[in-house]
Amino acid sequence: NTLSGEKQEFDTPDGKVGLYVCGPTVYDLPHLGHARVEIVFDVVRRWLEYRKFDVKYVQNITDVDDKIIKKAGEEGKSEQEIAERYTKAFFSDCKKLGVKPSALYPKATEHVPEMLALIGKLIESGHAYVIEGAGVYYDISKFPDYGKLSHQSPEQLKAGVRIGVEKQKRSPLDFALWKAAKPDEIQWDSPWGKGRPGWHIECSVMSLKYVERLDIHGGGRDLIFPHHENEIAQSEGAGHVPFARFWMHNGFITVNKEKMSKSLGNFQTIRQVLKQYEPEAVRLFMLSTHYRGPIDFAPEQLDQASNSLEGLRRSRELAEDAISKNKTEGTPIKKQVKEIVKKFEEAMDDDFTTPNALAALYELSTLLNNSLESTSAKELKYALSKYKKLAGVLGFKFKRKKAKAKKIGKKLEAYIKTITSDTSFVGKGEDELIDYVVKLRDEMRKQGKFELSDQIRAKLSEFGIILEDTAEGTKWRRA
Ligand SMILES: [Zn+2]
Ligand SMILES: [Zn+2]
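Bear in mind that the values here come from a model prediction, so they are computed numbers and not experimental data.

Coordination sphere of the zinc ion (ligand 1), protein contribution only: Cys22 (SG), Cys203 (SG) and His227 (NE2), at 2.0 to 2.2 Å. Along the chain, the residues donating to the zinc ion (ligand 1) are arranged with the sequence spacing C-x180-C-x23-H. Separating the zinc ion (ligand 1) from the zinc ion (ligand 2) is a gap of 3.0 Å, which cysteine 22 spans by donating to each of them. With cysteine 22 in the loop between β1 (16-21) and α1 (32-50) and cysteine 203 in helix α6 (residues 199-210), the pair connects residues that are 181 residues apart, well separated along the chain. The burial state of cysteine 22 is the same as that of cysteine 203; both residues are buried.

So, about the packing of aromatic side chains. Enumeration according to the criterion identifies 14 aromatic pairs in this entry. Geometrically, the ring pair formed by phenylalanine 425 and tyrosine 436 is tilted, given 5.1 Å between the ring centres and 40° between the ring planes. Residue phenylalanine 425 is located in the loop between α15 (409-419) and α16 (430-446), and its partner tyrosine 436 is located in helix α16; the two are separated by 11 residues in the primary sequence. Residue phenylalanine 425 shares its accessibility class with tyrosine 436, and that shared class is buried. Linked through ring pairs, Phe10, Phe53 and Phe246 together constitute an aromatic cluster. Arginine 170 extends its terminal NZ or CZ atom over the ring of tyrosine 129, reaching a point 3.9 Å from the ring centre.

Glancing now at the nonpolar core. The tendency in soluble globular proteins is for nonpolar side chains to be buried as a group. By size, the foremost hydrophobic cluster in this structure holds 84 residues, and its most contacted members are Leu32, Phe41, Val282, Met286, Phe344 and Leu394. Among the elements that make up this core, the one with the highest residue count is α1 (11 residues). For this core, the domains that each give at least three residues are domain 1 (16-250) and domain 2 (303-401). Listed in part, the 40 residues of the second largest apolar core include Cys22, Tyr146, Ile186 and Ile232.

Right, let's get into the environment of lysine 158. Relative to the assigned elements, lysine 158 resides in helix α5 (residues 154-159). Discounting residues that sit within four places of it in the chain, lysine 158 has contacts with Ser171, Pro172 and Leu173.

Distances from the zinc ion (ligand 2) to its protein donors, Cys22 (SG), His217 (NE2), His228 (NE2) and Glu231 (OE), fall within 2.0 to 2.7 Å. One way to put it: the four donor atoms around the zinc ion (ligand 2) meet at angles of 80 to 132°, and that makes the site irregular. Binding-site remark: the zinc ion (ligand 2) is held by donors from one chain whose sequence spacing is C-x194-H-x10-H-x2-E.

A cis amide bond links phenylalanine 225 with the next residue in sequence, proline 226, at an omega value of 5°. Backbone torsion omega between valine 241 and proline 242 reads -10°, so that peptide bond is classified as cis. Unlike most non-glycine residues, histidine 151 shows phi in positive territory, near 55°. Relative to the helices and strands, histidine 151 resides in the loop between β4 (135-138) and α5. Within the chain, phenylalanine 352 stands out as a residue other than glycine whose phi angle is a positive 55°. Looking at the element boundaries, phenylalanine 352 is found in the loop between α11 (334-349) and α12 (354-371). Given the relative accessible area of 12%, phenylalanine 352 is considered buried.

What counts, and at which threshold
- Residues numbered from 1 in each chain as written.
- Chains lettered and ligands numbered in written order.
- Predicted model: local features only at pLDDT ≥ 70, side-chain atom pairs only at ≥ 80, totals over all residues.
- Heavy atoms only, no water.
- Donors = N, O, S within 2.8 Å, 3.2 Å for Na, K, Ca; no water.
- Helix = DSSP H or I, 4+ residues; strand = E, 2+ residues; numbered from the N terminus.
- Buried < 20%, exposed > 50% of the residue type's maximum accessible area, 1.4 Å probe, protein only.
- Phe/Tyr/Trp six-rings, centres within 6.5 Å; stacked < 30°, edge-to-face > 60°.
- Lys NZ or Arg CZ within 6 Å of the ring centre and 35° of its normal.
- Core = buried A, V, L, I, M, F, W, Y, C linked by side-chain atoms within 4.5 Å.
- Domains from an automatic or database assignment.
- Contact = heavy atoms within 4.5 Å.
- Tetrahedral: all angles 85-135°; square planar, octahedral: opposite > 155°, others 65-115°.

The following block contains the structure:
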């Protein structure tokens, strides 16, 4: 909890969890920094659900902002067009990354009346003041708790703030609730003139509106100050105390130890990265560091994650293949599996320590690999089900690569030619080819040619075809 600065026991009175995470400002393609927020809170949510909490996850879309206005001006498009384009891009990238969608994604522009109401309330209670021609500002001197999330006094915070153009502000820390608009900019009517909301007010309004009790408020650590500090001032200043019970902030992604950000121009978009790496490799890379720690981006680390992913996926494949052999006896492994599951759970219960949870998952992967020949199908099945469940909590599927199952016809044909002189199969469709080779394998088994039949099974597995030897003969399916 950033607010207490400590690890705290987490619970809620009714088993429900209101989780609000600050979403993107949609003016450009999302980069790896966004991917990290999404993946971190996706895992937080999945873990809480694993622990049987009823989670309501809300993430806002900031679709009105100086950067959007600037981009719209540059491209000669409307702010709405820009926002729509990049909202779409954000959703599509999240989907590719395997992020479970939030319950809802409220947009700032759809909540202007509520923001006006909250601003009015803050003026009325003396927490905010109007600067003619500029807008409405929050008076942080009226909120004694200002700085409590950053654990800094207003004096300390002031030292890091540039004096803005709004010289009439009472303090450099005072921030805009409402900004007067220039004639050609997106704008709404308000009691204080035409303008648009400041950035912070939207999150107070939308989190209060959509999450009954804000149990966890999250975001990247760059949001602690000023964004989240200001959200607290706005919400608690208007009587919503406490605004949020727990605050969680994930660390930056750095490049050569510098924060990855658009303003520094050193960012990698999610799309760029996904051209070279699988989504689950990106996820593995992210979760290999504790969410609060910084991640230094390096291609070698993504390469390493890709290799590790390959191994984790292979364990699932091998276990599935071994299970299909229906071995009835062997060394039990259930107890070991349970111990590993416990390690995983302890790691996740301890402030979502995903590196340790992953270590447990690797351990389970190794156990599976070592038990393929020595354990019964039933025990393996149990181990595999736990393996998939824990992987799922971290957002992994470890699915066989689909590409292998697709368009294998030519390769399969070439392979069949190496094991038979019969050519009647040539030119047949993929399914018929598989039927053919499975029948061929059955005949070999009848003739006692088990080595060859095992080789065929292995080869088909490479193509993404799983064989199951049943009493009614061999069945096959695509992985
Ligand atoms: Zn926010
Ligand atoms: Zn927020």
